[in-house]
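Okay, here's what each chain looks like letter by letter:
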Amino acid sequence: MAKNGNGFSIAPHGGDLIDRVLRGEVRKAVWEKAQELPKVSLTPMGLSDLELIATGAFSPLKGFMLREDYERVVREMRLASGLLWSIPVTLPVDGSFADSLREGQEVALCEGDRVLAVMTVDEKYPYDKQLEAQEIYRTTEEAHPGVARLYGQGDMLLGGDVWLVDWPSATESEFPELRHTPAQTRRMFARRGWRRVVGFQTRNPIHRAHEYIQKTALEIVDGLFLHPLVGETKPDDIPPEVRIESYQAILRDYYPSERVMLGVFPAAMRYAGPREAIFHAICRKNYGCTHFIVGRDHAGVGNYYGTYEAQEIFDEFDPEEIGITPLFFDYAFYCRKCGAVVSAKTCPHGKEDWVYLSGTEVRAMLERGESLPEEFTRPEVSKVLIDGLKRWKEQHGSEDAGEE
Ligand SMILES: [Zn+2]
């Protein structure tokens, strides 16, 4: 624990909170020069990664990975320095574009044509997509959304440090009031006097089961940081704008406001299961959390990972290396005999007494405009989800929007 302003806070991963945002006159000069550089147009995930690197959420990364970092992360879950790191953060480009660049030159990283950052291309290198798929996603099947994205991206990677000169459009248009940087959340936690903070990652609405898990964790810490991911997800996940509204509804009516903070995590989902659980935990450490909730099948998709693999992977490392304390939870549900939300760990009854709905059933009910059972979801949340999904479909046509 390091002393920091009003109190004590957990050290960022690797020791220092990275800040790669240029400001003032320097920003202006670099921005002007960058207009003339070769432009790399970032994907939605690239835009998310750039924002997270620049703000220090990916500390100690200062840019997109060099070959030695990348290869060691893929094979050993470590950066070249030996520091634990589980997910590649790379900048893929087409081979022909890579051919036009020489190592050591600068490029502009862009959203469309708009310059957001400059990067010195310290390295350009080929990589093995099959190996990355197998090691990171534990499958080479294209049916896996993370693998599909990997196979569809460019064949060469550019590595180098970045300096941000302008923000992606999402930073200012999507939940700007909730898009706190790690430096901001650290100050907010300190101001509230929170020394122990539990982070909760989600890309789904909060049902009673999640509320139970969050409040159980909150019993042993000072504050809960509800930190839903709002970067790119699968098309059939509930859209972030609907989810955020549902979080605000449940927080307003069922949580003590002085012990909970809502923020958004601009990352894209990888669906890398165990590897992503470690990654999510390390990012939340950078935001200043001391504890992190890991549920069943964290960051999973389909049947690619075992139910508890995302918890078991934490045991492969010295807890001090991870730094943030994982809190493992089993599946929770309402039990009619217990008359409460419980888990398989605490309830002696059987499935016939448990109120359980699959993701498919939840989606079907919401789409028919039916409230979910009160034992499963708070009525205020059901209402927001039903109204929100209806509105979303009116605005976006018949594209998928639901809960996996
Ligand atoms: Zn029971």
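Heads up: the structure comes first, above all this text.
Values in this document were obtained by computation on a predicted structure and should not be read as measured data. (Residues numbered from 1 in each chain as written. Predicted model: local features only at pLDDT ≥ 70, side-chain atom pairs only at ≥ 80, totals over all residues. Heavy atoms only, no water.)

### Here's the deal with the packing of aromatic side chains
Then comes step 1: Counted by the stated rule, this structure contains 13 aromatic pairs.
Then comes step 2: Aromatic pair Tyr70 and Tyr127: ring centres 5.9 Å apart, planes at 90 degrees, arrangement edge-to-face. Remark: Tyr127 occurs in the loop between strand E8 (123-126) and helix H5 (129-137) and Tyr70 occurs in helix H3 (residues 67-76); sequence separation between them is 57 residues.
Then comes step 3: Classification of Tyr70 by relative accessible area gives buried; the value is 4%.
Then comes step 4: For the pair Phe189 and Phe225, a centre-to-centre distance of 5.3 Å together with 75 degrees between the ring planes defines the contact as edge-to-face. Remark: Phe225 occurs in strand E11 (residues 223-228) and Phe189 occurs in helix H8 (residues 182-191); sequence separation between them is 36 residues. Note on accessibility: Phe189 and Phe225 belong to one class, buried.
Then comes step 5: By the ring-pair criterion, three or more aromatic residues cluster together here, those being Phe189, Trp194, Phe225, Phe265 and Tyr287.
Then comes step 6: The cationic tip of Lys215 hangs over the ring face of Tyr255; the distance from NZ or CZ to the ring centre is 4.5 Å.
Then comes step 7: The ring of Phe265 carries Arg284 above its face, with NZ or CZ at 3.9 Å from the centroid. (Phe/Tyr/Trp six-rings, centres within 6.5 Å; stacked < 30°, edge-to-face > 60°. Helix = DSSP H or I, 4+ residues; strand = E, 2+ residues; numbered from the N terminus. Buried < 20%, exposed > 50% of the residue type's maximum accessible area, 1.4 Å probe, protein only. Lys NZ or Arg CZ within 6 Å of the ring centre and 35° of its normal.)

### Looking at the packing of helix H10 (residues 240-254) against helix H15 (residues 379-396)
Then comes step 1: One can describe the packing of H10 onto H15 by two numbers: an axis separation of 9 Å at closest approach and a directional angle of 160 degrees. Here H10 lies roughly antiparallel to H15, going by the angle between them. For the crossing formed where H10 meets H15, the hand is right-handed. Residues Glu241, Val242, Glu245, Ser246, Ala249, Ile250, Asp253 and Tyr254 of H10 pack against Pro379, Glu380, Val381, Val384, Leu385, Gly388, Leu389, Arg391, Trp392 and His396 of H15. (Axes fitted to C-alpha atoms, helices over the stretch in contact; angles between N-to-C directions. Parallel < 35°, antiparallel > 145°, perpendicular 65-115°, else oblique. Left-handed = near helix turned anticlockwise from the far one by under 90°. Contact = heavy atoms within 4.5 Å.)

### Considerations on the environment of Pro145
Then comes step 1: Structurally, Pro145 is set in helix H6 (residues 145-152).
Then comes step 2: Along the chain, Pro145 and Leu178 lie 33 residues apart, while their C-alpha atoms are 27 Å from each other.
Then comes step 3: Discounting chain neighbours no more than four positions away, the residues touching Pro145 are Lys234, Tyr271 and Val301.

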